[in-house]
Structures are given as structure tokens and as C-alpha cells.
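Notes for the structure review
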Amino acid sequence: MHSFSRGLMAAIPIASGYFPVAITFGLVVRSAGLSTLDAALASVMVFAGAAQFLAIGMYVAAGTVAGQLTVGSLVMIAQIVIAGWLLNLRHLLMSSVIAHNLAGSSEELGTPNTTSGGPGILTRSVIAFGVTDEVFGVAGWRIAEGGTVRPRYLLGLEVGAYSAWVGGTVVGALSGEILPEHLRVAMGLALYALFAALLAGQIRAARRKEGARIGPLVVAAGSAALINAALRVGLGWDAGAAFPLAMVAGAVIAMVSAGEARPPGADFVEKGGDPPAHGSTGERAGTGAGPRQDTGPGETAPSQEDTDGTS
Amino acid sequence: MVHPDWLLVVVGLLVGTYVVRAIPFWFSGIDRLPAPVHRFLELVPAAALGALIIPDVLFQATPVVAISAPVLAFVLTMRGFNLTVVVIVSILSAWAGLALLG
């Protein structure tokens, strides 16, 4: 089979995960007083689930009248964009792993993409658009299996995932009106269920990785939640101001409480691998600082469905 | 129709997200991030998800149902159910909860 078709086939588990989530996004956008076109535009142009949900969540929380451009709404827009950008900074890691393991690049020496056999700048720019967590999950698995991933395979994978995301958004936005009231509210609540599921998925993924710790993830989520609640409820801040601060502070607190001061040898992370497991040998042994929970060898291999990349 | 304020949000997100995703494909020197930066970027999503859930979930119309949905989703995902199943089960159980209590 052609690489593109194989990529498309590999996108099926991703697509079936994206579709209902995208429907929820479409519904949430409509219930915020925005149009089907607004919902579709977001999925077509951004293609980043968590950031899109964050954006619509902050948009609703800001409580501005939909469509009005005032000084206040410009501030809100800037806040949403900054928060979304912070959230998507993690794609820098994923893109760099994929970019350096594209078939045809001189992937070993850190100067990929410039060799004559590699994919051109246009192909690379298109591939970059579709790097989501789930696409990275599958691509990372291919890289682990075969050393590289073919650009056409990636394109197939991304086209499959993107179609489900955009299609589900449109279906959700259009079906908003015909659904009963309770079901619409329930689908709005699914937003929080989705966030909780994504958090649980992160914890599971960290638990699987050798030497990885779930403590910092729990601390990051918990402290960000507490800070956000304190700023919003205690100090009366609006969501746009409180959220980015809570997010950054939560991550920093988790780093500090886990004792992130690493030895100099661990300053740079190897490309392509599973970074936290390597590098600082000997350092992990006895430093039981704070909530760190090293995974016991008995529980590192939960079950076989974990490689499907849809978590 | 497109609402201009939302369009600006979307364009802003497009630029911010795409640039972050594309930089490693455009410039080869970005493959080595300092370890603390790497670690920070790994922790930001968890922090964001925590702050996305709390306190907003407490402000919903039927808080018992609103709080149950993420708790259920968290437990199901930790037990290994995939995202599709979790989202559908959460929607259906929230729907049932609202029908009973709402």
C-alpha cells in the first residue's frame, strides 16, 4: 500500500476519537452564541483541540456580547491568544522529534531537511500544521519502530485526523438546534469530562514511561486549579487574567517541588527518545523530594491498547 | 456569519499554534531544548487542564452533575477506556443526571 494510504488507515483510531470531541466543540461554540461558520473556522484554521476548547471556554467566561469589538474584547482576545499559545508550546517538542526523524533527512546528525533527498520546505510546512498530540503519538510510535517516518505517511495520518476534526465540528454545530435541551447542556458538561480525561491520559502515559513520575503532573494540575480558583473566586479576577498565570504557576510549582535542579550533564535532552528516562543517571536514585512517585517495575506495562495514540 | 471578535481569536491562535509547530521543521537547531524548558513544556498541559476544570465546573447550573462528569471521565480513563467511550459515557450519564435532577 502507498505510504499516504497507510497513514490514512493509521488515522482511523485518531479520527474516531476526534469525531465526538469535535461534535462537542461545535455544540459548545453554538451555545456561546456564535455561528456554525465560527465553529468551522476555528477547527479549519487552528486544529488544536485543547486550545480551541480553552478559547471558547474563556470566551464564554468573559461574558462579552458575541461579535462586539470593544477595548474590553480586545483585551480578552489577547488573553485567550496568549493562553492558547502557552498551552500549545508543548508542540515544539513534538514537532522537533518528528522533524528530525522524517525519512529522507539526515536524521542522525541534527541537520535534517537540508539534504537534497529530504522533503521540501512546502511539504514540511504542511506537515507542521497537522502536528497534534495524537498525531505525534502515532508518529512517535512509527519512529520507535522503524527509525524514521515517511512524509507521505504523516500527510495521510494528518489528513485523516483533520477531516474528522473539521467534519465533527460542523456536524456538532449544525445539530445544536435539533437536540433536546438537557442533552445540549450535558454535551456542554462533556467539556469538563474531556479535560479530566485528557489529564488522566497524561498521567497514564507518564506512568507507562520508564523512570517517569506522575507526581509532578498531579502537583501541576492541582496547584494550577487551586491558584485559578483563588484568583477567580477569592480576588474576583476574570478568567482571561487568572488562567495564564495559574497555568504557568502550576507548572513552575510542579518543577520546583519535584526538585528540577538537574546535574549539568542533563542540561540538554536527546532528540527522538523519551527524554526523562535518560541523561541523569544516578540522580534519580535517592532524591525522594516531595511527591515524586517512581513507577514500580510491576506496573509499567498496563495493557495492549495503549499504543493506539488516542489517549 | 463570522463574528469579528471570535475571528481575531481564531487568527491569533492560528498564528501562535502554527509557528510553534513549524519552527522545528524550518530551523534545524531547535531540536535541543534545555532540560528545564523541556520539563516545563511537559507540565504546562497538566496545569492548564487543572485550571480549565476548576473553578468553572463549580459554577454550572446543576453542580452535582457538573462535578460528576469530570470525575467519572477521569476514573474511566485511568482504567484504560479510550477517549471516545469516555466522552460518550460522560455525555449520556450527564444527560441522565440532568433529566433526573434538572
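Residues numbered from 1 in each chain as written. Chains lettered and ligands numbered in written order. Predicted model: local features only at pLDDT ≥ 70, side-chain atom pairs only at ≥ 80, totals over all residues.

**A short note on the overall build of chain A**
Across its full length, chain A carries twelve helices and zero strands. When its helices and strands are written in sequence order, chain A yields α-α-α-α-α-α-α-α-α-α-α-α. Counting over 311 residues, chain A shows a buried share of 51%. Looking at chain A alone, contacts between residues at least 24 apart form 75% of all its contacts between residues at least 6 apart. (Helix = DSSP H or I, 4+ residues; strand = E, 2+ residues; numbered from the N terminus. Buried ≥ 20, exposed ≤ 12 C-beta atoms within 10 Å, placed from the backbone. Contact = placed C-beta atoms within 7 Å.)

**Some details on the overall build of chain B**
Scanning chain B from N- to C-terminus turns up four helices and zero strands. Going from N to C terminus, chain B has its helices and strands arranged as α-α-α-α. For 102 residues, the compact-globule estimate of 2.2 N^0.38 gives 13 Å, and chain B exceeds it by more than 25% at 19 Å. Each principal axis of the C-alpha atoms in chain B carries an extent, and together these give about 55 × 40 × 25 Å. Relative to its full complement of 102 residues, chain B shows a buried share of 51%. (Rg over C-alpha atoms; globule rule 2.2 N^0.38 Å.)

**Structural notes on the environment of A144 of chain A**
Residue placement: A144 of chain A occurs in helix α8 (residues 133-146). Between the C-alpha atom of A144 of chain A and that of G156 of chain A, which follows or precedes it by twelve residues, the distance is 19 Å.

**Focus on the interface of chain A and chain B**
Listed by partner, the interface residues are 104 residues for chain A and 74 residues for chain B. Examining the composition of the side of chain A that touches chain B, we find that 19 residues originate from one element, helix α10 (residues 181-208) of chain A, more than from any other.

**Brief notes about the packing of helix α3 (residues 63-78) of chain B against helix α4 (residues 83-101) of chain B**
Axes are the key here: two packed helices are described by the angle between their axes and the distance separating the axes. All names here are of chain B. Here α3 crosses α4 at 155 degrees, and the two axes come no closer than 9 Å. With respect to α4, the axis of α3 lies roughly antiparallel. Where α3 crosses over α4, the two elements pack in a sense that is right-handed. Residues V64, V65, S68, A69, L72, A73, L76 and T77 of α3 touch α4, and the partners they reach there are V86, V89, S90, S93, A94, G97, L98 and L101. Of the residues contributing to the contact of α3 with α4, the split by class is eleven nonpolar, five polar and no charged. (Axes fitted to C-alpha atoms, helices over the stretch in contact; angles between N-to-C directions. Parallel < 35°, antiparallel > 145°, perpendicular 65-115°, else oblique. Left-handed = near helix turned anticlockwise from the far one by under 90°. Nonpolar A, V, L, I, M, F, W, Y, C, P; charged D, E, K, R; others polar.)

**With respect to the nonpolar core**
For soluble globular proteins, the rule of thumb is that nonpolar side chains tend to be buried together. Counting 133 residues, the largest nonpolar core has L189, A190, A197 and M247 of chain A together with A47 of chain B as its most contacted members. Take this core: its biggest share by element is 16 residues, from α10 of chain A. Filtering out sequence-adjacent residues up to four positions away, A197 of chain A remains in contact with A73, F74, T77, L83, V86 and V87 of chain B. (Core = buried A, V, L, I, M, F, W, Y, C linked by C-beta atoms within 7 Å.)

**Details of the packing of helix α6 (residues 91-99) of chain A against helix α1 (residues 4-26) of chain B**
In the contact formed by α6 of chain A and α1 of chain B, the axes pass within 8 Å of each other and the chain directions differ by 30 degrees. Classified by the angle between their axes, α6 of chain A and α1 of chain B sit roughly parallel to one another. For the pair α6 of chain A and α1 of chain B, the sense of crossing is right-handed. Residues H91, L92, S95, S96 and A99 of chain A of α6 of chain A form the contact with α1 of chain B, whose participating residues are V20, R21, I23, P24 and F25 of chain B.

**Focus on α4 of chain B**
Here α4 of chain B contains 19 residues, and its C-alpha end-to-end distance of 26 Å stays within 8% of the 27 Å for a straight helix at 1.5 Å per residue. Taken together, the buried positions of α4 of chain B are occupied by L83, V86, V87, S90, I91, A94, W95, G97 and L98 of chain B. Across the axial projection of α4 of chain B, the buried residues extend over an arc of 165 degrees, all falling on one side. If you follow the buried residues of α4 of chain B, they end up packed against α2 (12-31) and α10 of chain A together with α3 of chain B. (Expected span 1.5 Å × (residues − 1). Arc of directions from axis to C-beta.)

**Re helix α1 (residues 3-10) of chain A**
All names here are of chain A. Turning to α1, its buried residues are G7, L8 and A10. Axial view of α1: buried residues confined to an arc of 160 degrees, hence all on one face. Contact partners of the buried residues in α1: α8 and α9 (151-175).

**A word on unusual backbone geometry**
Here the residue pair I54 of chain B and P55 of chain B is connected by a cis peptide bond, since its omega of 10 degrees sits within 30 degrees of zero. Tracing the backbone through its elements, the reader meets P55 of chain B in the loop between α2 (35-53) and α3. At F47 of chain A, a residue that is not glycine, the phi angle is positive and equals roughly 50 degrees. On the secondary structure map, F47 of chain A appears in the loop between α3 (36-45) and α4 (49-62).

**So, the confidence of the model for chain A**
All names here are of chain A. In this model, chain A carries an average pLDDT of 77, and 77% of its residues clear a pLDDT of 70 or more. Predicted confidence is poor over residues 106-116, with pLDDT under 50, and the contacts of this stretch with residues over four places away or in other chains come to 23 contacts. Note on residues 261-311: pLDDT under 50 across the span, and 90 contacts to partners over four residues away in sequence or across chains. (pLDDT = per-residue confidence, 0-100.)

**Some details on the environment of T123 of chain A**
Residues and elements named next belong to chain A. Turning to its location among the elements, T123 is positioned in helix α7 (residues 121-129). You can call T123 partly exposed: it has 18 C-beta atoms within 10 Å. A sequence separation of 60 residues divides T123 from G63, and the C-alpha atoms of the two residues are 41 Å apart.

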